Amino acid sequence: MLRRTLRPAFRTYNLQAKYSKWPSLRRCYATSPESESKAQQAKLDSKAFAKTLQLPGTSFPLWANAKEVEDKYRDLTCDSLYRWQWENNEGPLFVFHDGPPYANGDLHMGHALNKVLKDMINRFHLLEGRRVHYVPGWDCHGLPIENKTLKDLKVHVSQMTPSEIRKACQATASKEVESQKAQFRTLGIMADWDSHERTYRTLDHKYEMRQLRIFQKMVEKGLIYRHYRPVHYSPSSLSALAEAELVYKDDHVSHSVYVTFDLESSPSEALQPILASQPHVKLFVWTTTPWTLTANMGVAVHPDLVYTVVKSTSEEEALQNTVFIVAQDRLEHLDDITGPFEVLAQVPGSDLVGTLYRPIFGTLPNASTAPLEVIPSSHVTSESGTGLVHCAPAHGTEDYQVFKALGRISNTNNMLCHVGRAGEFTEAVAEVVGNDSAEKLVKKSVLKEGSKAAVDLLRDVGQLVKIKRIKHRYPYDWKTDQPIILTATSQWFANLDNIKDDALEALQEVAFIPPVSRNRLEAFVKSRSEWCISRQRVWGVPIPALYESSTDKAILDSTTLDHILSVLEEKGTGHWWSGPVEDFLPPALLESTRTQGLNPSEAFYKGTDTMDVWFDSGSSWSMLPEMGVGRNAEGEARWHHADVCLEGSDQHRGWFQSQLLTAVGSASEAEKTSSPYNMLITHGMVLDEKGRKMSKSLGNIVSPLTVINGGKDKTKEPAYGADILRLWAATVEYWRDMSIGPTVLAQSAESYRKIRNSARFCLGNMGGVAGRPTLEKVPRAQLNLTERYIMHELYTLEQTVLDGYTTYNFAKVANALTHFTNITLSSFYFDITKDCLYADPVDGPTRRGVVTVLEHILSSLTKMIAPILPHLAEEIHATWKGDGTSAFMTPWTPLDTQWSDPQAAKQMDLYMQLRSPVLSLLEQARMKK
């Protein structure tokens, strides 16, 4: 055995010369008189020697055309397999709930990674004998689809009726769904793709009605309310946004301004003589949003800060002989702004409260001149600015909260707001700056030319001290990648203060991969007190609220919703836009209106807001109970609707959170607070090989379709096929950001080649394949040391792989498989067994022992690679068994513990230490020939 262990690789060239000295082969070349004629014939037959060997034979090709193989086995291992396992598997239920990708555009690498990870999990559980429930979905409403529809039609939103827009958007979304579905299939994802019942779309009628029922339950619990207040608003989307729809950019540039407000009077005894003796006493204020100064309603100071009254000695016109007030702790940081000065007095912030000042634009013709007041606020700090904060409650959350707490805002008329739907100054700004000056602002974007025009007005009134360009963190609309504003609008909100504790409690039962992602989701839930759920779009699920025409008062209660939802159930949500208001008035309200002699269509109107798309997708958990796979389904003790959800890290603020909030928010008082999911798995972003985010501008986008099908230049962008892309997904540590590119893909292709060649070697030498007779297996006790060692290594590998799959650590699986096929098999076992396989008697005990091990290797290897490389697994299975079944139709039965043989491993370790130097010496001897 040791001799065979150390023997160098068998070479099929110069076979006669190489083996003429070996007794086992010498008889093939005997030159007795009886065989001379045969020998002479053999000289004429160049393959005579080869015919005496058991050379490998298999139809399994060394290289396969990926497209042909994957096309051949796709239905068997995807659609048909899903249906078969659902109808035939009798094991425990496994529910993987699919987060719906947005139905817009071709797949990117993040989509591919996401779906492949999900599929590997599903296929592993299928091999365990479980019934896998996986229903792919699509998020179909919202702005991107509406914008794409209008762009394709080359019309403006104002040129179409809501019903026309919705019909066109539905067609667009449906087309995009079909396009993405076809692309997902090329990845080898197991699902019943053509079944309407086993896929879902948020535009499906049943889906929309379930969502509205969830909304109704939240209304009944008092969680839904309408309010006029500042919200994140996207001029580029023409809609309010929730915090979850924002991305923050650290390199946003703003042109901040230092401005002054003229004091009129003050209750402060320290200030009164200064006001009497100095012509210009001013409050010194800094803001990054000069356009909000038209909505100024106060200046805030911190009562506990000390403020300094200084007189400028600068010769700059804007500061000359000016007395201004600034926080003492900020003076040294403002040298470049204030210039030289002398200190006149110090005043505690509490003494400044109640001081009156003139409106900053008050000197313009016909401008507002009503004095405004300095107010106290704890949100003022001495860490930035001047220690005095300009307050515009319509454009700042903290400003709004302070004014509301002080009782200065009681209705919408108490709040100044001059910004329209497109983020432009409206004509109402004339109330502050006067009609003449308003012409310089009206219809101009507050983020662009409107802001510049506001700065020009500040310069005109002599209140502009300095403009300073700053780079800072600023929120952007994550869909349009454009900056947003804070502005007051009437929106619908969900009160989260009443449910966040229950939501956090429910998360305690949830497992997280990686564990640190728990902190991220919990932090998002803790930080939110409300959720702005209304959007100013047409393409979406309506918020079915009625309004009294005379007061604009909203009517939204359980009784009204019962009637409205019954109408929508029958006629579809599109009827909300096309149907008359009378259809939606409950019978009692309709009769009461007519009794009063009022025309219902004039007395009431329908709201036009639609729901946040996160509410759409966040309601998806509700379909699982209807499908019979939710909590406690099929008599199993299941405490959650879904066993696993897996999405990118951005979904902690999105789908992971919205599922949790809608589930907890709609639960009845009698229900135990629980999460809709049992485990959340998070993956990172896919970057290019240099670690950069992929973007069109950088030209570094790697498309999954190009990886699979190849690019225009196949030498630079080969057609790798889906399995190699899947193998890449398995090798990366998906819970971190990961890279992909030519080098990484080439490495994956090489790993795939090693696995494929290992299977080919087994198929080429095993019995019962390619017409060879089936050989009797050798019992473990009769196996040689090398075979027992290899079986021990195979058993160890399988245990490692099982642990990797069970913990969803696919990199552990892929690395172990690559090492085993590359080192243990290719470089060692296959190398030393070729002599025996090719030259020993077919049914000799040693050869049968090797073949027995090869069968074990191929059987285990096929199961181990199947979740990652389904097409290859099916190709191996078809070549070996040829029975038309799928490799996944027989459960994975791991090797028995009898194959664990540490003693064999210990013995072989001694021989392996000898093998390397011996092989090195043999190679040196060859080189000397």
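Okay, so let's go over this structure. Because the structure is predicted, anything quoted here is derived from the model rather than measured. (Residues numbered from 1 in each chain as written. Predicted model: local features only at pLDDT ≥ 70, side-chain atom pairs only at ≥ 80, totals over all residues. Heavy atoms only, no water.)

### Comments concerning the overall build of the chain
Line of reasoning, step 1. Within the chain, the secondary structure is distributed over 35 helices and 28 strands.
Line of reasoning, step 2. The C-alpha radius of gyration of the chain comes to 37 Å, more than 25% above the 30 Å expected for a compact globule of 929 residues.
Line of reasoning, step 3. Seen along its three principal axes, the alpha-carbon backbone of the chain occupies a region of about 135 × 75 × 50 Å.
Line of reasoning, step 4. Taking all 929 residues of the chain together, the buried fraction comes to 55%.
Line of reasoning, step 5. Looking at the chain alone, contacts between residues at least 24 apart form 77% of all its contacts between residues at least 6 apart.
Line of reasoning, step 6. Side chains of the chain give 101 positive and 110 negative charges; the mean places of these two sets differ by 11 Å. (Helix = DSSP H or I, 4+ residues; strand = E, 2+ residues; numbered from the N terminus. Rg over C-alpha atoms; globule rule 2.2 N^0.38 Å. Buried < 20%, exposed > 50% of the residue type's maximum accessible area, 1.4 Å probe, protein only. Contact = heavy atoms within 4.5 Å. Lys, Arg positive; Asp, Glu negative; His and termini not counted. Charge placed at Lys NZ, Arg CZ, Asp CG, Glu CD.)

### Describing the layout of surface pockets
Empty space among the atoms can be located by rolling a probe the size of a water molecule over them.
Line of reasoning, step 1. In this model, the largest pocket occupies a volume close to 2100 Å³.
Line of reasoning, step 2. In this structure, the largest pocket is lined by 48 residues; those nearest its centre are His108, His111, Trp478, Asp650 and Lys693.
Line of reasoning, step 3. Looking at the lining of the largest pocket, the elements that each hand over two or more residues are helix 8 (109–127), helix 9 (143–153), strand 7 (246–265), helix 25 (613–618) and strand 25 (645–648).
Line of reasoning, step 4. The element that contributes the greatest number of residues to the lining of the largest pocket is helix 8, accounting for six residues.
Line of reasoning, step 5. Considered class by class, the residues forming the lining of the largest pocket number 18 nonpolar, 16 polar and 14 charged. (1 Å grid on protein atoms, 1.4 Å probe; cavity = no way out; pocket = protein on both sides within 12 Å on 5 of 7 lines; lining within 4 Å. Points joined across faces, edges and corners; volume = space filled by probe spheres on them. Nonpolar A, V, L, I, M, F, W, Y, C, P; charged D, E, K, R; others polar.)

### A word on the sheet that holds strand 26 (residues 679–683)
Line of reasoning, step 1. Ordered by their spatial adjacency, three strands build an open sheet running 18-26-25, and the pairing between neighbours is parallel. Strands with a single pairing partner mark the edges of an open sheet, and in this sheet they are strand 18 (511–513) and strand 25. Geometrically, the sheet is characterised by an average inter-axis angle of 20 degrees between neighbouring strands, direction not taken into account.
Line of reasoning, step 2. Here strand 25 pairs with strand 26 via four bridges, running parallel. By the bridge assignment for strand 26, cysteine 645 is matched with leucine 680.
Line of reasoning, step 3. Running at roughly 135 degrees to strand 25, helix 27 (residues 655–666) makes contact with strand 25 and strand 26 of the sheet. (Pairing = 2+ DSSP bridges. Axes fitted to C-alpha atoms, helices over the stretch in contact; angles between N-to-C directions.)

### Considering the side chain of serine 619
Line of reasoning, step 1. Looking at the secondary structure, you find serine 619 in the loop between helix 25 and helix 26 (623–626).
Line of reasoning, step 2. There is a polar contact of 2.7 Å between the side chain of serine 619 and the backbone oxygen of phenylalanine 615.
Line of reasoning, step 3. Contacts of serine 619, omitting those with residues within four sequence positions, involve Tyr207, Gln211, Ile214 and Thr662. (Polar contact = N/O pair within 3.5 Å; in protein donor to acceptor, adjacent residues only side chain to side chain.)

### Things to note about the packing of aromatic side chains
Line of reasoning, step 1. Using the criterion set out here, one finds 27 aromatic pairs in the structure.
Line of reasoning, step 2. Between phenylalanine 124 and tyrosine 805 the ring centres are 5.2 Å apart and the planes differ by 15 degrees, which places this aromatic pair in the stacked class. Taken as a pair, phenylalanine 124 in helix 8 and tyrosine 805 in helix 31 (residues 785–806) lie far apart in primary sequence, 681 residues in all.
Line of reasoning, step 3. Taking relative accessible area as the criterion, phenylalanine 124 reaches 1% and is therefore assigned buried.
Line of reasoning, step 4. The class of tyrosine 805 is buried, set by a relative accessible area of 0%.
Line of reasoning, step 5. Measuring from centroid to centroid gives 6.2 Å for tryptophan 138 and tryptophan 193, while their planes differ by 55 degrees, and the two rings are tilted. Residue tryptophan 138 is located in strand 3 (residues 137–138), and its partner tryptophan 193 is located in the loop between helix 10 (162–186) and strand 4 (200–201); the two are separated by 55 residues in the primary sequence.
Line of reasoning, step 6. The class of tryptophan 193 is buried, set by a relative accessible area of 0%.
Line of reasoning, step 7. One Lys or Arg, lysine 881, reaches over the ring of tryptophan 880 and ends 4.0 Å from the middle of that ring. (Phe/Tyr/Trp six-rings, centres within 6.5 Å; stacked < 30°, edge-to-face > 60°. Lys NZ or Arg CZ within 6 Å of the ring centre and 35° of its normal.)

### Here's the deal with helix 8
Line of reasoning, step 1. Its 19 residues place the ends of helix 8 27 Å apart at the C-alpha level, agreeing with the 27 Å of an ideal helix rising 1.5 Å per residue.
Line of reasoning, step 2. Most of helix 8 is tucked away: 18 of the 19 residues are buried. (Expected span 1.5 Å × (residues − 1).)

### Some points on the pattern of salt bridges
Line of reasoning, step 1. Summed over the entire model, instances satisfying the criterion amount to 41 salt bridges.
Line of reasoning, step 2. One salt bridge connects aspartate 688 with arginine 692, and the closest N-O pair in it is separated by 2.8 Å.
Line of reasoning, step 3. Using a relative accessible area of 33% as the deciding quantity, one classes arginine 692 as partly exposed.
Line of reasoning, step 4. One network of salt bridges, in which partners are shared, links Asp98, Lys115, Lys118 and Glu647. (Salt bridge = Lys/Arg side-chain N within 4 Å of Asp/Glu carboxyl O.)

### Side note on the sheet that holds strand 22 (residues 554–555)
Line of reasoning, step 1. Taken in spatial order, the three strands make up an open sheet running 22-21-23, and their pairing is antiparallel. With partners counted over all chains shown, the strands left at the sheet margins are strand 22 and strand 23 (604–606), one partner each.
Line of reasoning, step 2. Looking at chain direction, strand 21 (residues 546–548) and strand 23 are connected through three bridges and run antiparallel. Bridging from a neighbouring strand, tyrosine 547 pairs with tyrosine 605 of strand 23.

### Concerning a negative patch on the surface
Line of reasoning, step 1. Together, Asp501, Asp502, Glu505 and Glu669 line one region of the surface with negative charge.
Line of reasoning, step 2. Mapped onto the elements of the fold, glutamate 669 is located in the loop between helix 27 and strand 26.
Line of reasoning, step 3. A relative accessible area of 73% places glutamate 669 in the exposed class. (Patch = residues over 30% accessible without salt bridge, like charges linked within 9 Å, V, L, I, M, F, W, Y side chains within 5 Å. Areas by Shrake-Rupley, 256 points an atom, 1.4 Å probe, with all protein chains shown as cover.)

### Let's talk about empty space enclosed by the protein
Line of reasoning, step 1. A full pass over the atoms with the stated rule returns two cavities of 30 Å³ or more.
Line of reasoning, step 2. Approximately 160 Å³ is the volume attributed to the largest cavity.
Line of reasoning, step 3. Around the largest cavity, the lining is made up of 19 residues, and of these Gly142, Leu143, Glu245, Arg535 and Arg537 lie nearest the centre.
Line of reasoning, step 4. Broken down by secondary-structure element, the contributors of at least two residues to the lining of the largest cavity are helix 9, strand 6 (239–241) and strand 24 (610–611).
Line of reasoning, step 5. If you tally residues by element for the lining of the largest cavity, the top one is strand 6, at three residues.

### Focus: the environment of tyrosine 207
Line of reasoning, step 1. As for its position among the elements, tyrosine 207 is in helix 11 (residues 205–220).
Line of reasoning, step 2. When residues no more than four places from it in sequence are discounted, the contact partners of tyrosine 207 are Tyr200, Arg201, Thr202, Asp616, Ser617, Ser619 and Ser620.
Line of reasoning, step 3. Among the polar contacts made by the side chain of tyrosine 207, one reaches the main-chain carbonyl oxygen of aspartate 616 at a distance of 2.5 Å.

### So, unusual backbone geometry
Line of reasoning, step 1. With an omega of -5 degrees, the peptide bond running from isoleucine 513 to proline 514 counts as cis.
Line of reasoning, step 2. Among the structural elements, proline 514 can be located in the loop between strand 18 and helix 20 (517–527).
Line of reasoning, step 3. Residue lysine 154 is not a glycine yet carries a positive backbone phi of 60 degrees.
Line of reasoning, step 4. Its place among the elements puts lysine 154 in the loop between helix 9 and helix 10.

### A few points about the environment of asparagine 147
Line of reasoning, step 1. With respect to the helices and strands, the residue asparagine 147 is situated in helix 9.
Line of reasoning, step 2. Remark: the alpha-carbon pair of asparagine 147 and cysteine 169, spanning 22 residues in sequence, is separated by 9.0 Å.

### Thoughts on the nonpolar core
Line of reasoning, step 1. Ranked by size, the top nonpolar core spans 190 residues in total, and within it Phe215, Tyr677, Trp728, Tyr808, Tyr829 and Leu854 carry the most contacts.
Line of reasoning, step 2. The biggest single contributor to this core is helix 32 (residues 810–839), with 14 residues.
Line of reasoning, step 3. Sequence-distant contacts of tyrosine 829, that is, excluding residues within four places in its chain, are made with Thr786, Glu787, Ile790, Thr824, Val850, Val853, Leu854 and Ile857.
Line of reasoning, step 4. Ranked by size, the runner-up nonpolar core spans 69 residues in total, among them Val281, Phe403, Leu464 and Ile485. (Core = buried A, V, L, I, M, F, W, Y, C linked by side-chain atoms within 4.5 Å.)

### Describing the packing of helix 33 (residues 845–865) against helix 34 (residues 870–880)
Line of reasoning, step 1. For the pair helix 33 and helix 34, interaxial distance at closest approach is 9 Å and the crossing angle is 145 degrees. Here helix 33 runs over helix 34; the crossing is left-handed. Residues Glu855, Leu858, Ser859, Thr862 and Ile865 of helix 33 form the contact with helix 34, whose participating residues are Leu872, Ala873, Ile876 and Trp880.
Line of reasoning, step 2. Its residues placed into classes, the contact of helix 33 with helix 34 shows six nonpolar, two polar and one charged. (Left-handed = near helix turned anticlockwise from the far one by under 90°.)

### Side note on helix 20
Line of reasoning, step 1. Inspection of helix 20 places Ser517, Arg518, Leu521, Glu522 and Val525 among the buried residues, and these make up the whole buried set. Buried residues of helix 20, viewed axially, fall in a sector of 130 degrees; they line one side. (Arc of directions from axis to C-beta.)

### Looking at the environment of glutamate 178
Line of reasoning, step 1. For glutamate 178, the location among the structural elements is in helix 10.
Line of reasoning, step 2. Overall, the relative accessible area of 46% leaves glutamate 178 in the partly exposed class.
Line of reasoning, step 3. Separated by 43 residues in the primary sequence, glutamate 178 and valine 135 have C-alpha atoms spaced 15 Å apart.

### Points about the side chain of histidine 111
Line of reasoning, step 1. Positionally, histidine 111 belongs in helix 8.
Line of reasoning, step 2. Judged by its relative accessible area of 13%, histidine 111 falls in the buried class.
Line of reasoning, step 3. For histidine 111, the contacting residues outside a window of four places in its chain are Pro101, Asp106 and Phe184.

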